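# Structural features, examined
Chain by chain, the residues:
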Amino acid sequence: MIVLAIAFVGLGGVLPAFAAVTHVALAVALTLVAWRTPAARLERSGAALSAAAAGLVLGLPILVSLVPLPASVRGVVSRGHHEAFPNAGWSPTALDPEATIGAAATLLLVVGFAAGAVPPTVGRRARASATVVVPSVAAVLAAVAFAHAVSGADAAFGVVPVRSEAGRLYLPLVNPNHLAAVMTALLPVCLDRALSARASLVSAGVRLEELPPVVGTAAILSVLVALRSASGLAVGALIVVWAVARSDWAYKRVAAPIVAVLGAIAAAATVAQHPSSVSGRLGHWWDGVRAVPAYLWVGSGVGSWAEAVSPYRTDTAPIGFAHAHAEWLERLVETGLLGVPAVGIAVWLLRPLGGSSDPRATPLAVGLAALLVAGLYEFPTRIPAILLVGAGLWAYRRAFDDAPRVSLRSVRVLMVGLALAQLPAAAWRAREAVADAAAAQ
């Protein structure tokens, strides 16, 4: 949670060197998890191995795009790169190798966090804490977001300009759609628990453990309305309908359709206020589709969407797109056909294993589904803070599965290996901070 807080509140953006500090903090946390967690918990932490395997599969297309190839081979596997650099000799297929290495560092951060979050969530008491921890985090994040919004500042906490790369990548507070993606991911757990606690709040009075879901739900819904994000309103309304329909509320058959209609009206009204943004995205998506054949086999390298699509742009939208605002299209252009099975295998490795009928597991899965839906119109997997929120939800969700026991030694070796892997990632982030500081002078 400490690492999550560091990443989310934007110290990686406010102080660029803190991106490196985040990796170092995670390395320390993983080491403590490996040696301070009881052996019985570690032996039931097989999900950590699944997280590492998924990260390895997702990292394969990144590594392939960084392998230097002769011009003759690049002309076959990456025609777009060969056309952009016709006189290059041995060269990687990644159009922006530094951005691709940065993506690898982010992947290490997320995989390390996901694996390290598994052992603390093992056990009955730890699983029960999900209904308190997740809503508490949601309430804090929503409160910070609301405070920043009402401040009227054009920079995150008055320090990071909202259009800066650091602010955009490390601080979802500055973009309504990104913040809405985080809020809708946390909403199912909060709302489901709040509706379940409704009867006890009325009959038995306020209990301390019931406060976080209620406060979290109220804070999230307030932020979603204040953001006026069409996607956030639409997805939020669907989640409310789902939660109401699954509750025991006597008026749910009347309330669910009303919420659905109001959400649709609010989302449509928001879209109508920004027609150029919608048309601009549609044109940009078509340009991305036109770029796919040039990078069909191994992609253009993660982090190089703008460079890959630039020669194929035909739209006249006054908006510069550094990302596709469509996660799956961006993934296809940047990783090619090599990345398609990689994503499929990773999803299979991270899937719920089943074996649990605990109703508390379902809202966590719905929250993860909300993040996947956000990928249809945004780029949530490119923002470390959003990824860490998703990793935390995934760890809690897998804690409800009947996972087989694994070797204690294998889990400890994995934790230490991931901890060591954070160190070169931290060094790379520190290098970026020094380069940015030099460029700013």
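Every chain is numbered independently, its residues counted from 1 as its sequence is written. With the structure being a predicted model, the display of local features is reserved for residues of pLDDT at least 70 and the display and counting of side-chain atom pairs for 80 or more, all residues being used for whole-chain, interface and lining totals. Each side-chain value is derived from all of the structure's non-hydrogen atoms; neither hydrogens nor water enter the calculation.

### Side note on the confidence of the model for the protein chain
Per-residue confidence for the protein chain gives a mean pLDDT of 79, with 78% of residues at or over 70. Confidence, expressed as mean pLDDT per element, reaches its minimum in the protein chain at helix H11 (residues 165–170) with 41 and its maximum at helix H5 (residues 46–65) with 93. Low pLDDT, under 50, characterises residues 8–14; the predicted model gives this stretch 25 contacts beyond four residues in sequence or across chains. What pLDDT expresses is the predictor's confidence in each residue, scored from 0 to 100. Contacts are assigned to residue pairs with any non-hydrogen atoms lying within 4.5 Å of each other. Long-range and interchain partners of residues 156–171, a stretch whose pLDDT sits below 50, account for 45 contacts in this model, where long-range means more than four residues apart. Numbering of helices and strands starts at the N terminus; helices are DSSP runs of H or I of at least 4 residues and strands are runs of E of at least 2.

### A closer look at the packing of aromatic side chains
Classification of ring pairs uses Phe, Tyr and Trp, with its six-membered ring standing for Trp, and accepts pairs whose centres are within 6.5 Å; under 30 degrees between planes counts as stacked, over 60 as edge-to-face, and the remaining range as tilted. Counted according to the given criterion, the structure contains zero aromatic pairs. We count a charge as sitting over a ring when the NZ of a lysine or the CZ of an arginine lies within 6 Å of the ring centre and within 35 degrees of the ring normal. It is arginine 351 that lies over the ring of tryptophan 348; its NZ or CZ is 4.2 Å from the centre.

### A look at the pattern of salt bridges
Proximity of charged atoms lets side chains of opposite charge pair with each other. Definition used for salt bridges: Asp or Glu carboxyl oxygen within 4 Å of a side-chain nitrogen of Lys or Arg. Counting across every chain of the model gives eight salt bridges. We note a salt bridge from glutamate 98 to arginine 431, for which the minimum N-O separation is 3.1 Å. In this pair, glutamate 98 is assigned in helix H8 (residues 97–121) and arginine 431 in helix H22 (residues 408–440), connecting sequence segments 333 residues apart. Throughout, exposure labels follow a simple rule: accessible area from a 1.4 Å probe, protein chains only, divided by the maximum for the residue type, with under 20% read as buried, over 50% as exposed, and the rest as partly exposed. Residue classification places glutamate 98 among the partly exposed residues on the basis of a relative accessible area of 43%. Here aspartate 401 and arginine 397 are joined by a salt bridge, their closest N and O atoms 2.9 Å apart.

### A look at the nonpolar core
If you look at the biggest cluster of nonpolar residues, it comprises 75 residues, and the most contacted ones within it are Met183, Leu186, Ile220, Leu393, Trp394 and Met415. In terms of residue count, the dominant contributor to this core is helix H12 (residues 176–196) (twelve residues). The contact partners of leucine 186, leaving out residues within four places of it in the chain, are Val134, Ala138, Leu141, Ile220, Val389 and Leu393. Ranked by size, the runner-up nonpolar core spans 13 residues in total, among them Ala294, Tyr295, Val309 and Val333. Think of a nonpolar core as a cluster: buried Ala, Val, Leu, Ile, Met, Phe, Trp, Tyr and Cys residues, connected wherever their side-chain atoms sit within 4.5 Å.

### Digging into helix H15 (residues 230–246)
Compared with the 24 Å implied by 1.5 Å per residue over 17 residues, the 25 Å span of H15 between its first and last C-alpha is a close match. Counting buried residues in H15 gives twelve out of 17 residues, a clear majority hidden from the surface. Buried residues of H15: Ala230, Ser231, Gly232, Leu233, Val235, Gly236, Ala237, Ile239, Val240, Val241, Ala243 and Val244, and no others. To estimate how far a helix should extend, the number of its residues minus one is multiplied by 1.5 Å.

### Observations concerning the environment of aspartate 287
Structurally, the position occupied by aspartate 287 is in helix H17 (residues 275–291). By relative accessible area, which is 0% here, aspartate 287 ends up buried. When the C-alpha positions of aspartate 287 and tyrosine 312 are compared, they lie 5.7 Å apart, and in sequence the two are 25 residues distant.

### Quick notes on the environment of leucine 60
With respect to the secondary-structure elements, leucine 60 resides in helix H5. Taking the C-alpha atoms as reference points, leucine 60 and alanine 342, separated by 282 residues in sequence, lie 7.8 Å from one another.

### Focus on helix H21 (residues 384–398)
Compared with an ideal rise of 1.5 Å per residue, which puts 15 residues at 21 Å, H21 spans 21 Å between its outermost C-alpha atoms and is within 8% of the ideal. Most of H21 is tucked away, with 15 of its 15 residues classed as buried.

### What about the side chain of arginine 74?
Assignment of secondary structure puts arginine 74 in helix H6 (residues 71–77). Lys and Arg are tallied as positive, Asp and Glu as negative. Neither His nor the chain termini are counted. Of the side chains with opposite charge, glutamate 83 comes closest to the buried, unpaired arginine 74, at an N-O distance of 11 Å.

### Notes on the packing of H12 against H21
Simply put, an axis is a line fit to the C-alpha atoms, just over the touching stretch for a helix, and the angle between two N-to-C directions goes from 0 to 180 degrees. One can describe the packing of H12 onto H21 by two numbers: an axis separation of 10 Å at closest approach and a directional angle of 10 degrees. The angle between H12 and H21 places the two elements in the roughly parallel class. On H21, the residues touching His178, Val182, Ala185 and Leu186 of H12 are Ile386, Val389 and Leu393. The classification used treats Ala, Val, Leu, Ile, Met, Phe, Trp, Tyr, Cys and Pro as nonpolar, Asp, Glu, Lys and Arg as charged, and all other residues, Gly among them, as polar. A per-class count over the contact of H12 with H21 returns six nonpolar, one polar and no charged. Oblique is the label for any angle not covered by the other classes, which are roughly parallel (under 35 degrees), roughly antiparallel (over 145) and roughly perpendicular (65 to 115).

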